[in-house]
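Inside the fold
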Amino acid sequence: MAELMKKTKKANKKNLGGYAQLLVPLLSILLIVVFNLFRDPSFFSVTTTTNNLGNTVLAGNLISILNSASELAIIAMGMTLVTAACGGQDISVGALATIAGSVFVKILRGGEITIGSIVVGFLACCAVAMLFGAFNGTLVSVFRIQPMIATLVLFTCGRSIAYWINGGATPTISSPLITALGSFIPGCPIPTPIIIVAVMAVLLALLFRFTTLGLYTQTVGVNQRAARLNGISPLVMKLVSFMLLGVCCAVAGCIGVSRLSLINHETMLLEIEMDAILAVAIGGNALGGGKFKVSGSVLGAYAIQALTTTLYAMKVPSTDVKAYKAVVIILIVIISSPVVKQAASRLWAKTRRLTAAKAGKEVSA
Amino acid sequence: MKKLARLFLALALVLALSISAAAAEIVVGIVNNPPSESGYREANVLDFEAVFCAENGYTAKTFYSLQNDEQLAAAQQFITDGVDYLLISAAETTGWDAVLESAAENGIPVFLFDRMIDCDESLYEAAVVSDMANQGDLAVAWLIAQNLSEYKIIHIQGAMGSDAQLGRTGALDEQVAAADNWSIVVQQTATWDEAEARNIVEAVINSGEDFNVIYAENDGMARGAVAALDAAGITHGVGGKVIIIGFDCNRWALREVLAGNWNYDGQCSPFQAAVIDGMIKTLENGGTIETKIVISEEKGFDAATITQADIDQYGLGE
């Protein structure tokens, strides 16, 4: 195993440590940033204001983008793992996050809201989400159903389940603690969801650093047979990836609920599965499984949100928003397609050869 | 998957039928949207369950779906089963002619509730519906009465093309076009999504543009808008900088109005069962129904005049 690890590390080193993959998401963010700076130089200025609760907080488009993308970024993290291990995507993440949010609300409505009950609620909804994740994972790993079809089950019935849990269309919870979780902790100028994303990123990074999770997941994604021959169980790795995605959905669901102290089972995180898959794609991850980089997907998530915020700032009419979004997405996806990448690297090699030849000539002359 | 769902559905239907076979006097088939759709629908379904029950001399067969084709199949099944009356709140306004004709052939009177269907008037007995345009008119009239020197409005729309969106948008659009001191700062759809509404308002705040009215086409989106204002330290409601308008009268929304955090909430009445019950009783007693289309009486609640009694009586949900 150590041998394999060494080899991957070596291969990664050749490949700029795998960071070349981040080129596309960074490029797309850069594109949106430059466009906005031309349109309105003050677009990214960050200011401080006092909110209605009397806290001094940061404000501005940059903060809005980072804040609003939180749920998407967290779900994209889990989606990257599932994509890498299974070579397919989970389309039930929006429904699953809603179920988790619903459990969270149910428990908090059971009694007085304290830090203790919030922790209990969070742990409970994590457990439920992991259970549903395990259900998806079992369909995919044991029964070898294509992930998109396997998760179609929960995609279809998830929001109804969420409704059953609470039995009301838009139940509300009100507590300053929940408000702090969804917007600002008193005394901290950074929106709480941004902090939660950072915490999740660190936790995941530690998980990769101190366990073989990343390597094993990648191995299963690249070649299942080879993985099994090396003593790695594809079954377990797939199940684990779905359960981790479940945890991500639970966190996203809790953020979603806390933002407005309310859950709407029909609209909460609606169609986020599409954005999450897109984030994974923009992040340069192979949608067929194998090599992956979670940071790429997170950058992808921020690129998508930056695009949405830009369209709002430009006051694009309601009916046209999706069309504009589609145009930009087509551009980004084409840029990141293997055909364009190969052409670009050929071009790069050619110019290098030419300059090298030129330099050689100069030396000989 | 779909096949399995259908099979399941058919089984459930058979089960429901066999249970309800121990008939009371009047059998009604109710085709509606599922209660999980919204607070409105939840109250609507509860209203029908409460009125069309055994104590009132009814046996109700119900079917809930957001899908028009599933609703059509269920309605056809109800006709085959020989219900006495058919009550429909259609998912889509079109495609119902064949089913309604088949009901007429079998002598089953049809009542439409909540939503109209695009078809000949002769195909239904009566319709008890909300007038969405009237709800918009009421809200705009209230806004005019506030006599602001200038109206700079953030308009957050519902799902484009839905009955509620068209009605509530129409009234505001007309007034903005007609009055010089009314202007739209931004008009965008959040498709009934609270979080999306928050993002839209946040974008306007970040752009530094001035506004003093938020016209959100339902309660949830108004709540999202208010969250954005709160985060930016902009006052709202009675005595605040920004006037908040919502629709639907969820109980929690009316509480916000009572507390003065919002200014106005427009009602969308889900209570149509009693009216239809009255009509059916008239038919049963050999009478005839005079009015073809009954518009539910709806009003708006102003923070200045709302009372706890209003919340108890008109509030939806909890």
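**Considerations on helix H5 (residues 132-145) of chain B**
All names here are of chain B.
- Taking 1.5 Å of rise per residue, 14 residues should cover 20 Å, and H5 covers 20 Å from first to last C-alpha, within 8% of that figure.
- Here H5 starts with a cap whose side-chain oxygen sits 3.2 Å from the backbone nitrogen of Ala133, and that cap is Asp131.
- Immediately beyond the C-terminal end of H5, within one or two residues, lies Asn147, with a positive phi of roughly 55°.

**Details of the packing of helix H6 (residues 115-141) of chain A against helix H8 (residues 152-166) of chain A**
Residues and elements named next belong to chain A.
- Across the interface, H6 lies against H8 with an axial gap of 12 Å and an inter-helix angle of 160°. Looking at the two axes, H6 sits roughly antiparallel to H8. At the point where H6 passes H8, the crossing takes the right-handed sense. Contacts between H6 and H8 pair Phe132, Phe135, Asn136 and Leu139 from the former with Val153, Leu154 and Ile161 from the latter.

**Details of the interface of chain A and chain B**
- Tallying the contact residues gives 38 residues for chain A and 41 residues for chain B.
- Roughly 3000 Å² of surface becomes buried between chain A and chain B when both sides are summed, with 49% attributable to carbon and sulfur atoms.
- Of all residues in chain A, Asn52, Leu260 and Tyr312 of chain A bury the most surface against chain B, accounting for 23% of the area lost on that side.
- Between Lys315 of chain A and Glu209 of chain B there is a salt bridge, and its shortest N-O distance comes to 2.8 Å.
- Our count for the chain A to chain B interface comes out at 16 residue pairs in polar contact (both at pLDDT 80 or more).
- Looking at the side of chain A that touches chain B, the elements with two or more residues in it are strand E1 (47-50), helix H3 (61-68), H8, helix H13 (234-260) and helix H15 (294-313) of chain A.
- In terms of residue count, the dominant contributor to the side of chain A that touches chain B is H15 of chain A (5 residues).
- Across the side of chain A that touches chain B, the residue classes tally to 14 nonpolar, 20 polar and 4 charged.

**Here's the deal with the confidence of the model for chain B**
Residue and element names in this part refer to chain B.
- The share of residues in chain B with pLDDT of 70 or more is 92%, and the mean pLDDT across the chain is 90.
- Per-residue pLDDT, averaged within each element of chain B, yields its smallest value for helix H1 (residues 2-20) (60) and its largest for strand E8 (residues 213-216) (98).
- Counted against residues more than four places away or in other chains, residues 20-24, with its pLDDT under 50, gives 6 contacts.

**Quick look at the packing of helix H4 (residues 70-86) of chain A against H15 of chain A**
Residue and element names in this part refer to chain A.
- It is the contact of H4 with H15, at a shortest axis distance of 8 Å, that shows an interaxial angle of 145°. The crossing of H4 and H15 is right-handed. Residue-level contacts link Leu72, Ala73, Ala76, Met77 and Thr80 of H4 to Val294, Ser297, Val298, Ala301, Tyr302 and Ile304 of H15.
- Tallied by class, the residues present in the contact of H4 with H15 amount to 9 nonpolar, 2 polar and no charged.

**Section: H4 of chain A**
All names here are of chain A.
- In this model H4 runs 24 Å from its N-terminal to its C-terminal C-alpha over 17 residues, within 8% of the 24 Å that 1.5 Å per residue would give.
- For H4, a buried count of 17 out of 17 residues is recorded, marking the element as mostly surrounded by other parts of the structure.
- At the C-terminal side of H4, Gly87 shows a positive phi close to 65°.

**What about the nonpolar core?**
- If you look at the biggest cluster of nonpolar residues, it comprises 71 residues, and the most contacted ones within it are Met77 and Phe104 of chain A.
- For Met77 of chain A, the contacting residues outside a window of four places in its chain are Val197, Met200, Ala201, Leu204, Cys248, Val294 and Val298 of chain A.
- Grouped together as the second largest cluster of nonpolar side chains are 44 residues, Ala228, Trp252, Ala253 and Trp262 of chain B included.

**Some words on the environment of Ile205 of chain B**
All names here are of chain B.
- Positionally, Ile205 belongs in helix H7 (residues 194-207).
- Note: C-alpha distance between Ile205 and Asp137 (68 residues apart in sequence) is 28 Å.
- Excluding residues within four positions of it along the chain, Ile205 makes contact with Phe211, Ala228, Leu229, Ala232 and Ile234.

**Here's the deal with the side chain of Ser102 of chain B**
All names here are of chain B.
- Mapped onto the fold, Ser102 is located in helix H4 (residues 97-105).
- Among the residues examined, Ser102 registers a relative accessible area of 13% and is labelled buried.
- With sequence-adjacent residues up to four places away left out, Ser102 is seen in contact with Gln76 and Ile79.

**Quick notes on the pattern of salt bridges**
All names here are of chain B.
- One pass over the structure, following the stated rule, counts 11 salt bridges over all chains.
- The partner of Asp277 in a salt bridge is Lys281, and the shortest N-O contact between them spans 3.3 Å. Of this pair, Asp277 and Lys281 both sit in helix H10 (residues 273-284), 4 residues apart, which is roughly one turn of the helix.
- Given a relative accessible area of 32%, Lys281 falls into the partly exposed group.
- Among the charged side chains, a salt-bridge network with shared partners connects Arg41, Asp114 and Arg115.

**Some details on the pairing of strand E2 (residues 58-64) of chain B**
Residue and element names in this part refer to chain B.
- Here strand E1 (residues 26-32) runs beside E2; their pairing, made up of 7 bridges, is parallel. Looking across to E2, one finds that Asn32 is bridged to Tyr64.
- At this point the chain moves from E1, through helix H2 (residues 39-51), to the parallel E2, and the crossover so formed is right-handed.

**Brief notes about a negative patch on the surface**
- Side chains of Asp97, Glu101, Glu105, Asp118, Asp120 and Glu121 of chain B sit close together on the surface and give a patch of like negative charge.
- Examined against the element boundaries, Asp118 of chain B turns out to sit in the loop between strand E4 (110-114) and strand E5 (126-129).

**Some remarks on the side chain of Asn68 of chain B**
Residues and elements named next belong to chain B.
- For Asn68, the location among the structural elements is in helix H3 (residues 68-81).
- Residue classification places Asn68 among the buried residues on the basis of a relative accessible area of 7%.
- At a separation of 3.2 Å, a polar atom in the side chain of Asn68 contacts the side chain of Trp96.
- Ignoring any residue separated from it by four or fewer positions in sequence, one finds Asn68 in contact with Ala90, Ala91, Glu92, Thr94 and Trp96.

**Section: the sheet that holds strand E11 (residues 293-295) of chain B**
All names here are of chain B.
- Taken in spatial order, the 6 strands make up an open sheet running E2-E1-E3-E4-E5-E11, and their pairing is parallel. Each of the sheet's edge strands pairs with one partner strand only, and the pair in question is E2 and E11. Between one strand axis and the next, the sheet turns by 15° as a mean value, whatever way the strands run.
- Both E1 and strand E3 (residues 85-88) contribute to a ladder of 4 bridges, which runs parallel. Note on E3: the bridge partner recorded for Val31 is Ile88.

**Here we look at the packing of aromatic side chains**
- Under the criterion given, the structure shown has 11 aromatic pairs over all chains.
- Arranged with centres 5.8 Å apart and planes meeting at 25°, the rings of Phe48 of chain B and Phe52 of chain B form a pair that is stacked. Residues Phe48 of chain B and Phe52 of chain B agree in their burial class; the two are buried.
- An angle of 35° between the planes, with centres 5.0 Å apart, marks the rings of Trp142 of chain B and Tyr264 of chain B as tilted. You can see Trp142 of chain B sitting in helix H5 and its partner Tyr264 of chain B sitting in strand E10 (residues 264-266), a full 122 residues away along the chain.
- Clustering of aromatic rings is evident, with ring pairs tying together Phe48, Phe52, Tyr58 and Phe113 of chain B.
- Over the ring of Phe210 of chain A we find Arg209 of chain A; its NZ or CZ atom is 5.4 Å from the centre of that ring.

What counts, and at which threshold
Residue positions within a chain follow its written sequence, with the count starting from 1. To read the labels, note that chains go from A and ligands from 1, taken in the order they are written. Local features in this predicted model are restricted to residues of pLDDT 70 or higher, and side-chain atom pairs are both shown and tallied only at a pLDDT of 80 or more, whereas totals for entire chains, interfaces and linings draw on every residue. Only heavy atoms go into the side-chain values, all of them from the structure, while hydrogens and water stay out. Put simply, DSSP H or I for four residues or longer makes a helix, DSSP E for two residues or longer makes a strand, and each gets a number counted from the N terminus. Given the number of residues in a helix, its expected span is that number minus one, multiplied by 1.5 Å. Any pair of N or O atoms that falls within 3.5 Å is considered a polar contact. Within protein, one atom must be able to donate a hydrogen and the other to accept it, and sequence-neighbouring residues count only if both atoms are side-chain atoms. Think of each axis as a best-fit line through the C-alpha atoms, taken over the contacting stretch in the case of a helix, with angles from 0 to 180 degrees between the N-to-C directions. Orientation categories follow fixed angle ranges, with anything under 35 degrees roughly parallel, anything over 145 roughly antiparallel, 65 to 115 roughly perpendicular, and all other angles oblique. Each helix crossing is assigned a hand: it is left-handed if the near helix lies turned anticlockwise from the far helix by less than a right angle, otherwise right-handed if that turn is clockwise. Residue contacts are counted whenever heavy atoms from the two residues lie within 4.5 Å of one another. Accessible surface is computed with a 1.4 Å probe, and the buried area is the amount of it that two parts give up when combined, taken over both parts together. Between Lys or Arg on one side and Asp or Glu on the other, a salt bridge is scored when a side-chain nitrogen of the former is within 4 Å of a carboxyl oxygen of the latter. Amino acids are sorted into nonpolar (Ala, Val, Leu, Ile, Met, Phe, Trp, Tyr, Cys and Pro), charged (Asp, Glu, Lys and Arg) and polar (every other residue, Gly among them). pLDDT measures the predictor's confidence residue by residue and takes values from 0 up to 100. Accessible area is worked out with a 1.4 Å probe on protein chains only. A residue is then buried under 20% of its type maximum, exposed over 50%, and partly exposed in between. In this description, a nonpolar core means a group of buried Ala, Val, Leu, Ile, Met, Phe, Trp, Tyr and Cys residues linked to one another through side-chain atoms lying within 4.5 Å. Here, strands pair whenever DSSP counts at least two bridges between them. Handedness rule for crossovers: strands pointing away from the viewer, path from the first strand over the helix to the second running clockwise, crossover right-handed. Residues form patches when they are more than 30% accessible in relative terms and have no salt bridge. Like charges link within 9 Å. Nonpolar side chains (Val, Leu, Ile, Met, Phe, Trp, Tyr) link within 5 Å. Residue burial considers only the protein chains on display, and all accessible areas are found by Shrake-Rupley using a 1.4 Å probe. Here the positive residues are Lys and Arg and the negative ones are Asp and Glu; neither His nor the chain ends is included. Where a charge sits is defined by one atom per residue type, namely NZ (Lys), CZ (Arg), CG (Asp) or CD (Glu). Put simply, two rings from Phe, Tyr or Trp (the six-membered ring, in Trp's case) pair if the centres are within 6.5 Å, and we call them stacked under 30 degrees between planes, edge-to-face over 60, tilted for the rest. Whether a charge sits over a ring comes down to the Lys NZ or Arg CZ being within 6 Å of the ring centre and within 35 degrees of the ring normal.

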